[in-house]
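Here's the letter readout for the chains.
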Amino acid sequence: MSLMRHILNPWLRAVEKRRLRNGTPAQIRRALEVQSRMLFWGPRGSRQAWRTYGDIPCSEVTPQNAVQDRVLFYIHGGGFVFGSPNSHSAMAAQLAHRIGARAVLPRYRLAPEHPFPAAPDDVRAAWDGLITSEVDPQNIALGGDSAGGALAFGLVATLSGEGRAGPGVVFGFSPLADLTYSGDSFRTNAEKDVLLPTNSAGKLVDMFLGDQSREHPSVSPLYGEFHAPPPAWITVGDTEILRDDAVRLAQGLKAAGGDASLVVEHDLPHVWPLFHNLLPEARNTLDALALWIRQRQNWEV
């Protein structure tokens, strides 16, 4: 493991985990937006513009080597309460550059101002709008992190249940898959996880779902029914409280006949690819995922 990991993990525990435990949604949103501008940047020459797909504003990031009919449809995380395309566009651009695609990041509505089902409805509307713009679903790599992973795999489950075409591939960085938090790691890794506090996770879900079912497959894909799911790639850290979400989601996709690759890394923080400008392990993960996507999609860069 890199020296930077030994610096990053204590800082996350001392600063960010405390902020997530005690901060208000407005404070957390503001801090993430500021930090993302300071710490994260995309490949040189990438172009960013705002476009509307299905009446949903989306950040579209186009690297210099992008092939027009290849799309990375990326859904940001943030517990359904914070995060935005701005905070995640640099990472998406780095991955898009590695696969020769343009990245589309929907700005879905956030709780508590806009509770369930606003987020999955907005993601679905943006997906439908993208398809309407004459993009072949098979030319889309769909992915997300944390709550964005829940929305990504939830979208696959929804499309599958409707008999509609899904993406060519789907992936998740530390995906949230079970809003009931029934996985053992939610308890056994509560102290080991350097970023996510368990009490904050419960509060965010309450803000988002209220009295709605925690098992709705559009946001808890562990309870979805997948029919011939697309190839999936999932990674998670072994010390994360969401470790078992990732493990069980991969197992469920395999049980449904899917090709699911699970990569469990040691002692890396929640959604570590965000730190691609700082952390060598983050760049290695993006490289590994990009290679997997290119092989599954038969894309050359």
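Here we summarise the structure given alongside this text. Being a predicted model, the structure only gives us computed values, none of them experimental. (Residues numbered from 1 in each chain as written. Predicted model: local features only at pLDDT ≥ 70, side-chain atom pairs only at ≥ 80, totals over all residues. Heavy atoms only, no water.)

### Thoughts on the packing of aromatic side chains
Inspection of every chain in the model, using the stated rule, returns nine aromatic pairs. When the centroid spacing of 5.8 Å and the interplanar angle of 80° are considered together, the rings of Phe 40 and Phe 275 count as edge-to-face. You can see Phe 40 sitting in the loop between α2 (25-39) and β1 (47-53) and its partner Phe 275 sitting in the loop between β8 (260-265) and α9 (280-297), a full 235 residues away along the chain. In this structure Phe 40 comes out as buried when scored by relative accessible area, which is 10%. Summarising the aromatic geometry, the rings of Phe 116 and Phe 208 are spaced 5.8 Å apart at their centres and angled 90° between planes, so their arrangement reads as edge-to-face. In this pair, Phe 116 is assigned in the loop between β4 (102-106) and α4 (118-132) and Phe 208 in helix α7 (residues 198-209), connecting sequence segments 92 residues apart. Owing to a relative accessible area of 1%, Phe 208 belongs among the buried residues under this scheme. Among the aromatic residues, those joined into a ring-pair cluster are Tyr 74, Phe 171, Phe 173 and Trp 233. (Phe/Tyr/Trp six-rings, centres within 6.5 Å; stacked < 30°, edge-to-face > 60°. Helix = DSSP H or I, 4+ residues; strand = E, 2+ residues; numbered from the N terminus. Buried < 20%, exposed > 50% of the residue type's maximum accessible area, 1.4 Å probe, protein only.)

### Details of the side chain of Thr 235
Tracing the backbone through its elements, the reader meets Thr 235 in strand β7 (residues 232-237). Residue classification places Thr 235 among the buried positions, given a relative accessible area of 1%. Filtering out sequence-adjacent residues up to four positions away, Thr 235 remains in contact with Gly 172, Phe 173, Ser 174, Pro 175, Val 263, Glu 265, Trp 272 and Thr 285. (Contact = heavy atoms within 4.5 Å.)

### Re the nonpolar core
Formed by 94 residues in total, the largest nonpolar core has its most connected members in Leu 72, Phe 73, Phe 80, Phe 171, Phe 173 and Ile 293. The element that contributes the greatest number of residues to this core is helix α5 (residues 147-162), accounting for nine residues. (Core = buried A, V, L, I, M, F, W, Y, C linked by side-chain atoms within 4.5 Å.)

### Section: the environment of Phe 171
Among the structural elements, Phe 171 can be located in strand β6 (residues 169-173). We classify Phe 171 as buried; its relative accessible area is 0%. In this structure the C-alpha to C-alpha distance between Phe 171 and Ile 234, which are 63 residues apart in sequence, comes to 5.5 Å.

### Things to note about the environment of Glu 225
Structurally, the position occupied by Glu 225 is in the loop between α7 and β7. Residue classification places Glu 225 among the exposed positions, given a relative accessible area of 59%. Between the C-alpha atoms of Glu 225 and Leu 253, which are 28 residues apart in sequence, the distance is 9.2 Å. Setting aside its immediate chain neighbours within four residues, Glu 225 contacts Ala 157 and Ser 160.

### A word on α4
An α-helical turn contains 3.6 residues, so any two residues separated by three or four positions project in the same direction. The end-to-end C-alpha distance of α4 is 21 Å, a good match for the 21 Å that 15 residues give at a rise of 1.5 Å each. Within α4, the full set of buried residues consists of Ala 118, Ala 119, Pro 120, Asp 122, Val 123, Arg 124, Ala 126, Trp 127, Gly 129 and Leu 130. A positive phi of about 75° marks Glu 134, the residue just after α4. (Expected span 1.5 Å × (residues − 1).)

### Concerning the packing of α4 against α5
Packing of α4 against α5 leaves a shortest axis separation of 10 Å and a crossing angle of 65°. With respect to α5, the element α4 is oriented roughly perpendicular. Two packed elements cross with a definite hand, and for α4 against α5 that hand is right-handed. Contact residues: α4 offers Ala 119, Pro 120, Val 123, Arg 124 and Trp 127, while α5 offers Leu 151, Leu 155, Thr 158, Leu 159 and Glu 162. (Axes fitted to C-alpha atoms, helices over the stretch in contact; angles between N-to-C directions. Parallel < 35°, antiparallel > 145°, perpendicular 65-115°, else oblique. Left-handed = near helix turned anticlockwise from the far one by under 90°.)

Honestly, it's all geometry; don't read function into it.
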